[in-house]
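Residues per chain, in single letters:
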Amino acid sequence: PRGVTTAICDPHEIANVAGLTGIHYFLEASVRTVMDIRVNLSSCVPSTHMETAGAALNADDLAPLADHPRVIGLAEFMNYPGVIFRDPGCMAKLKAFEGRHIDGHSPLLSGRDLNAYISAGIRTEHESTSAPEAIEKLQKGMRVLIREGSVSKDLEALAEVLTPLTAPYLCLCTDDRNPLDIAEHGHLDYMIRTLIAGGASPLAVYRAASLSAAEAFGLKDRGQIAPGKRADLVAVESLAGCRAQLVLCAGRRVTPEAFAARKTIPPVGRHSVK
C-alpha cells in the first residue's frame, strides 16, 4: 500500500531459531504474497561462535536452496573476521555461492581489511554510519545501502553522499524497521520524503529507491517504467510527498481484496493454540 513492490529479505531471525525448517517456510510463504519477495539465504547462523542459537547452518545446508526461484544469493555476511582470516566454514559458503549475489555486513571496516572482504565476492554493504566510510566503500566498488531502520538510523549521516553522480551505486534500505514505525511514519516512502526535504535531488532519491536497487541485486526486469519491464507502478500525489495513491504490482492493482485472496500456510516451529 505504500508503494514498495519488491522486498529483498534475509530470514536470519527465523533461521537462527528454526534453521532450515524456518527458511523452507519463508520460501514457501514468499510465493503467496502480493508483494514480490526475494530471498538471500542466511549466511551466518549462528552469527558468531559465541552465540547460543536454535540451529547451525553450513554450506552444504544452504547450497541445495540456491536454485529456488525466489533465491537471489547469500545474505549479509556478518562474520567479517571469518572472511578476512579465511575461516574454512566461511570460505565454503562463499565458494558455494561464487558468482551469485553476496550481501555484505562490515561496520567500520576499511583499508586492507575492507579490500580482503570485498575480494571474497561481497558486493553490497548496509552498515556504513558515516559519509567517509560510505565513500571508501563506493570507491572500492561496493553498492552502499543507506539504512534507516528502527534502531540503526544512518539516513541523516549518509544523506550528503547521495547525489545524481552516486545514485546509480546507492540504494535505500530499511533493515530491521518494525511494523509500528512503518504504520506511523512509513517505509521507503518515509526515506524518500525525508531525503528530499533535506535537499537531496528527487531524481537521485527515486533512482536509489528503484532502479539502482533492482540493478544492485540483479533484478533486470524492474526498476523503471519502460517497454518489456515488469509493471510495478506507483502514482504519488507529489514527488516530495511520496504518498501512494495507486499501486500496481506486476500489473495487478494492490487492494484490500488482493491481500484477502492470499493463501496462507501453517506455521512451523514450537507453538501452541489455546
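Above this note sits the structure.
Just so it is clear, the structure is predicted and the values come from calculations on it, not from any experiment. (Residues numbered from 1 in each chain as written. Predicted model: local features only at pLDDT ≥ 70, side-chain atom pairs only at ≥ 80, totals over all residues. Heavy atoms only, no water.)

Caption draft 1: Fine view of the overall build of the protein chain. When its secondary structure is counted, the protein chain shows 12 helices and 10 strands. Taken over the C-alpha trace, the protein chain has a radius of gyration of 19 Å; the compact-globule value for 274 residues is 19 Å, and the two agree within 12%. Once the C-alpha set of the protein chain is aligned to its principal axes, its extents read approximately 50 × 50 × 40 Å. Counting only residues that meet the buried cut, the protein chain has 45% of its 274 residues in that class. (Helix = DSSP H or I, 4+ residues; strand = E, 2+ residues; numbered from the N terminus. Rg over C-alpha atoms; globule rule 2.2 N^0.38 Å. Buried < 20%, exposed > 50% of the residue type's maximum accessible area, 1.4 Å probe, protein only.)

Caption draft 2: Seen up close, the sheet that holds strand E8 (residues 233-236). Pairing in this open sheet of 3 strands is antiparallel, and the strands run E8-E9-E10 from one edge to the other. Among the strands making up the open sheet, the edge pair consists of E8 and strand E10 (252-253). In this structure, strand E9 (residues 244-249) lies alongside E10, joined through 2 bridges in antiparallel fashion. By the bridge assignment, Cys-249 is partnered in E10 with Arg-252. (Pairing = 2+ DSSP bridges.)

Caption draft 3: Quick peek at the pattern of salt bridges. Overall, the coordinates contain 16 salt bridges when judged by the stated rule. For Asp-189, the salt bridge is made with Arg-2, and the minimal N-O distance between the two is 2.9 Å. Highlighted residues: Asp-189 in helix H9 (residues 188-197) and Arg-2 in the segment before strand E1 (6-9), separated in sequence by 187 residues. We classify Arg-2 as partly exposed; its relative accessible area is 29%. Between Glu-127 and Arg-147 there is a salt bridge, and its shortest N-O distance comes to 3.0 Å. Of the two residues, Glu-127 sits in the loop between strand E5 (124-125) and helix H6 (131-139) while Arg-147 sits in strand E6 (residues 143-147), which places them 20 residues apart along the sequence. Here Glu-127 and Arg-147 have matching classes, each one buried. When salt bridges with common partners are traced through the structure, they connect Asp-36, Arg-38, Arg-70, Asp-221 and Arg-222 into a single cluster. (Salt bridge = Lys/Arg side-chain N within 4 Å of Asp/Glu carboxyl O.)

Caption draft 4: Examining the packing of H9 against helix H10 (residues 202-209) more closely. Across the interface, H9 lies against H10 with an axial gap of 9 Å and an inter-helix angle of 160 degrees. Relative to H10, the element H9 lies roughly antiparallel. For the pair H9 and H10, the crossing hand works out as right-handed. Contacts between H9 and H10 pair Leu-188, Ile-192, Leu-195 and Ile-196 from the former with Pro-202, Val-205, Tyr-206 and Ala-209 from the latter. Among the residues forming the contact of H9 with H10, the class breakdown is 8 nonpolar, no polar and no charged. (Axes fitted to C-alpha atoms, helices over the stretch in contact; angles between N-to-C directions. Parallel < 35°, antiparallel > 145°, perpendicular 65-115°, else oblique. Left-handed = near helix turned anticlockwise from the far one by under 90°. Contact = heavy atoms within 4.5 Å. Nonpolar A, V, L, I, M, F, W, Y, C, P; charged D, E, K, R; others polar.)

Caption draft 5: The arrangement of the nonpolar core in detail. In this structure, Ile-23, Leu-41, Phe-77 and Ile-122 are the most contacted members of the largest nonpolar core, which totals 30 residues. For this core, the element with the highest residue contribution is helix H1 (residues 12-30), accounting for 4 residues. Membership of the second largest hydrophobic core comes to 23 residues, among which are Val-4, Leu-138, Leu-170 and Met-191. (Core = buried A, V, L, I, M, F, W, Y, C linked by side-chain atoms within 4.5 Å.)

Caption draft 6: A look at the pairing of E6. Where burial is concerned, most of E6 is hidden: 4 out of the 5 residues are buried. Note that E5 and E6 share 2 bridges and pair parallel. Following the sheet pairing, Thr-124 is matched in E6 by Arg-143. The handedness of the E5 to E6 crossover, carried by H6, is right-handed. Here E6 runs beside strand E7 (residues 170-173); their pairing, made up of 4 bridges, is parallel. Opposite Arg-147, over in E7, you have Cys-173 as the bridge partner. (Right-handed = clockwise from strand over helix to strand, strands pointing away.)

Caption draft 7: Structural detail: helix H5 (residues 111-119). Listed in full, the buried residues belonging to H5 are Leu-114, Tyr-117 and Ile-118. Along H5, the residues classed as buried sweep out an arc of 95 degrees about the axis, all on the same side. Exposed residues on H5 whose side chains face more than 90 degrees from its buried face are Arg-112 and Ser-119. Buried residues belonging to H5 abut strand E3 (71-77), helix H3 (80-84), strand E4 (101-104) and H6. Looking at the residues trailing H5, positive phi occurs at Gly-121, about 100 degrees. (Arc of directions from axis to C-beta.)

Caption draft 8: Molecular detail of the state of the cysteines. All told, the structure shown has 0 disulfides when counted by the stated rule. Distance from the sulfur of Cys-173, which forms no disulfide, to the nearest cysteine sulfur (Cys-171) is 8.7 Å. We note that Cys-242 lacks a disulfide partner, and the nearest cysteine sulfur, in Cys-249, lies 16 Å from it. For Cys-242, a relative accessible area of 6% translates into the label buried. (Disulfide = S-S within 2.5 Å.)

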